[in-house]
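Examination of the molecular architecture
Below, each chain spelled out in residue letters.
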Amino acid sequence: MNCRVCKQRAAVEIRRHNAAFCPDHFVEHVQRQVARTIHDYEMFGPDDRLLLGVSGGKDSLALWDILTGLGYAVDGVYLHLGIGEYSSESLILTEQFAAERDLALRVVDLPVDYGFSIPQAAATQGRSACSVCGLSKRYLLNDAAAGYDALVMGHNLDDEAATLLGNVLKWNTEYLGRQAPVLPAVEGLARKVKPLIRVAERETAAYAVLRGIEYEVEECPMVAGNTINRLKERMSVLEANSPGVKQQFLFGFFERGAGHFEVGEKTELGSCRSCGSPTTGDVCAFCRVRDRATHPLEVRES
Amino acid sequence: MKVVLRHPRREVVVEGPSIVRDLLAHLDIVPESVLVIRGNELLTRSDKVEDDDTIELRPVISGGM
Ligand code: SF4
Ligand SMILES: [Zn+2]
Ligand SMILES: [Zn+2]
C-alpha cells in the first residue's frame, strides 16, 4: 500500500477516504482536517485564549500537539479523578508531554481540592461511575475555563458519532439539540469547541504514535459500564462493512438533522446555593455528588 | 514472532513470517480496531512481518477519557 501523495510505503490507511498515507503526509492530512474544522465552524482565532482539557489519552495529547503545530497558544488542564494507578499514570504522561514542549498545564485534583475520588463518589450514589465522572468533568472543566475564550475538547469522530447514536436510540431531543461542534457561551458556561470531530479514533491514535507521543494506553478500570464505548464497538462493525458511515451519520446530523432539535426557550438558570455555578435546581448536580461522597454516613442515616 | 496485546498488556508468540492481514485474522482481531506497531513504525494490512519481529497490536478505542 502506498501514500496517496508521494507513493512511498504507506503507514496508515483511511478506508473511508479510500486513501493511504506515509507518516509525514498522514500527519499533514490530520493537521489539515483540524485546521479546516476550526475554520469551517469558526471555532476560534489566533488571539483567543484557549484551554484544552487533557486526560493523558491519545486524543487530547494529539490535539494539543496539532493546535500547537498550527500556531495556537493553548493551555492545558488535567483533572485528577483519583482513579488509582490509571489517574496517576495519566498525570505523569500529561506532565511529561507539557514539560517537553514547554506548555502551561494546570492540575485540578478532585481528592485533594474537593475531598473525594470518582470511585468514592460512585460507591455513594445510585448511579454509574461514568455518569458521576462525566458530570464532575463537565463541572470542573467549565470552572477551570473561567477567563478563557474557549474550552477546547478532544472528542473525536467516533466519540461524537457514538454519543449521537446513544441520543437517537433514546430520542433524547434535549441532548440532540445541544450536540454541536461549537457550543456558544451562555451565562456562567464557557464556550466549548471540538476541533477533532473530523478525525476518527484510529487516526488520532495513529497520529499520536507517529508523532512519538507517549499516552495512556491502558483502560480506566471503571470502563466496563461505559455505554459510549459499547456503542463505539457496535458502530465499528457498521463502519467495517461500509466505510464512511460514521462520518455520514455525524455530519449529516450537523448539516440536516440538528436544526430540528434546536432548543427553543432556554430554561432559566439559577445559581447553585452551595457553589454559585449555574443550575436549574437549587443545588447543582456536582455539589450534590460531592455532598454524598464526603458525608456518606449522614446520608445513609437520614 | 512476539505479539504484544493490550487491555491488559500480555504477549503471545505466533509462528511467522506473515502478512498483517493474515496475522490479525489468525488472532481474530478486526483490522480497524487496532494499530499495528513495529518499533516506531505503523504497518498497514498488506505489510509483511518477519519471524523475529516484535509487533504490538494496540486497540484504538481508549478506555476512559
Ligand atoms: S471510563 Fe468512566 S469512570 Fe473512567 S474516566 Fe471514563 S467516564 Fe470516567
Ligand atoms: Zn507521502
Ligand atoms: Zn454547586
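Each remark here, short or long, concerns the structure printed above.
A short tour of the structure in this document, coming up. All figures in this text were calculated on a predicted structure; none of them were measured in a lab.

Looking at the coordination of the zinc ion (ligand 3)
Note on metal geometry: ideal angles are 109.5 degrees for four donors arranged tetrahedrally and 90 or 180 degrees for six donors arranged octahedrally. All names here are of chain A. Around the zinc ion (ligand 3), the donor atoms from the protein are Cys272 (SG), Cys275 (SG), Cys284 (SG) and Cys287 (SG), and they sit 2.3 to 2.4 Å away. Mapped onto the polypeptide sequence, the residues donating to the zinc ion (ligand 3) form the spacing pattern C-x2-C-x8-C-x2-C. The partly exposed category is assigned to cysteine 275, whose relative accessible area is 33%.

Things to note about the interface of chain B and chain A
Counting residues at the interface gives 23 residues for chain B and 29 residues for chain A. Interface area, chain B with chain A, both sides summed: about 2,500 Å², of which 52% is carbon and sulfur. Summed over the shared surface of chain B and chain A, the number is four salt bridges. The salt bridge partner of Arg6(B) is Glu218(A), with a shortest N-O separation of 3.1 Å. Counting across the interface, chain B meets chain A through eleven residue pairs in polar contact (both at pLDDT 80 or more). Within the residue set of the side of chain B that touches chain A, elements represented by two or more residues are strand E4 (34-38) and strand E5 (41-43) of chain B.

A short note on the coordination of the zinc ion (ligand 2)
Residues and elements named next belong to chain A. At 2.0 to 2.3 Å from the zinc ion (ligand 2) lie its protein donor atoms, namely Cys3 (SG), Cys6 (SG), Cys22 (SG) and His25 (ND1). Around the zinc ion (ligand 2) sit four donor atoms; with metal-centred angles ranging over 96 to 114°, the donor geometry is tetrahedral. Sequence positions of the residues that donate to the zinc ion (ligand 2) give the spacing C-x2-C-x15-C-x2-H. Taken together, the residues cysteine 6 in the segment before strand E1 (12-14) and cysteine 22 in the loop between strand E2 (19-21) and helix H1 (23-40) connect sequence positions 16 residues apart.

Examining the pairing of E4(B)
All names here are of chain B. Across the five residues of E4, four count as buried, placing the element largely inside the fold. As defined by bridge partners, E4 adjoins strand E7 (residues 54-59) across four bridges and the pair is classed as antiparallel. Paired with leucine 35 across the bridge in E7 is arginine 58. Note that E4 and E5 share three bridges and pair antiparallel. Across the sheet, the residue bridging to isoleucine 37 is leucine 42, located in E5.

Here's the deal with unusual backbone geometry
Cis geometry is adopted by the peptide bond preceding Pro8(B), which originates at His7(B) and carries an omega value of -5°. Its location among the elements puts Pro8(B) in the loop between strand E1 (2-5) and strand E2 (10-13). For the peptide bond that leads from Gly16(B) to Pro17(B), omega is -10°, which places it in the cis range. By the secondary structure assignment, Pro17(B) is in the loop between E2 and strand E3 (18-19). Positioned with a positive phi, Trp171(A) is a non-glycine residue whose angle comes to about 45°. Mapped onto the fold, Trp171(A) is located in the loop between helix H7 (157-169) and helix H8 (173-178).

Rules used throughout
- Residues numbered from 1 in each chain as written.
- Chains lettered and ligands numbered in written order.
- Predicted model: local features only at pLDDT ≥ 70, side-chain atom pairs only at ≥ 80, totals over all residues.
- Heavy atoms only, no water.
- Donors = N, O, S within 2.8 Å, 3.2 Å for Na, K, Ca; no water.
- Buried < 20%, exposed > 50% of the residue type's maximum accessible area, 1.4 Å probe, protein only.
- Contact = heavy atoms within 4.5 Å.
- Buried area = accessible area lost by both parts, 1.4 Å probe.
- Salt bridge = Lys/Arg side-chain N within 4 Å of Asp/Glu carboxyl O.
- Polar contact = N/O pair within 3.5 Å; in protein donor to acceptor, adjacent residues only side chain to side chain.
- Helix = DSSP H or I, 4+ residues; strand = E, 2+ residues; numbered from the N terminus.
- Tetrahedral: all angles 85-135°; square planar, octahedral: opposite > 155°, others 65-115°.
- Pairing = 2+ DSSP bridges.

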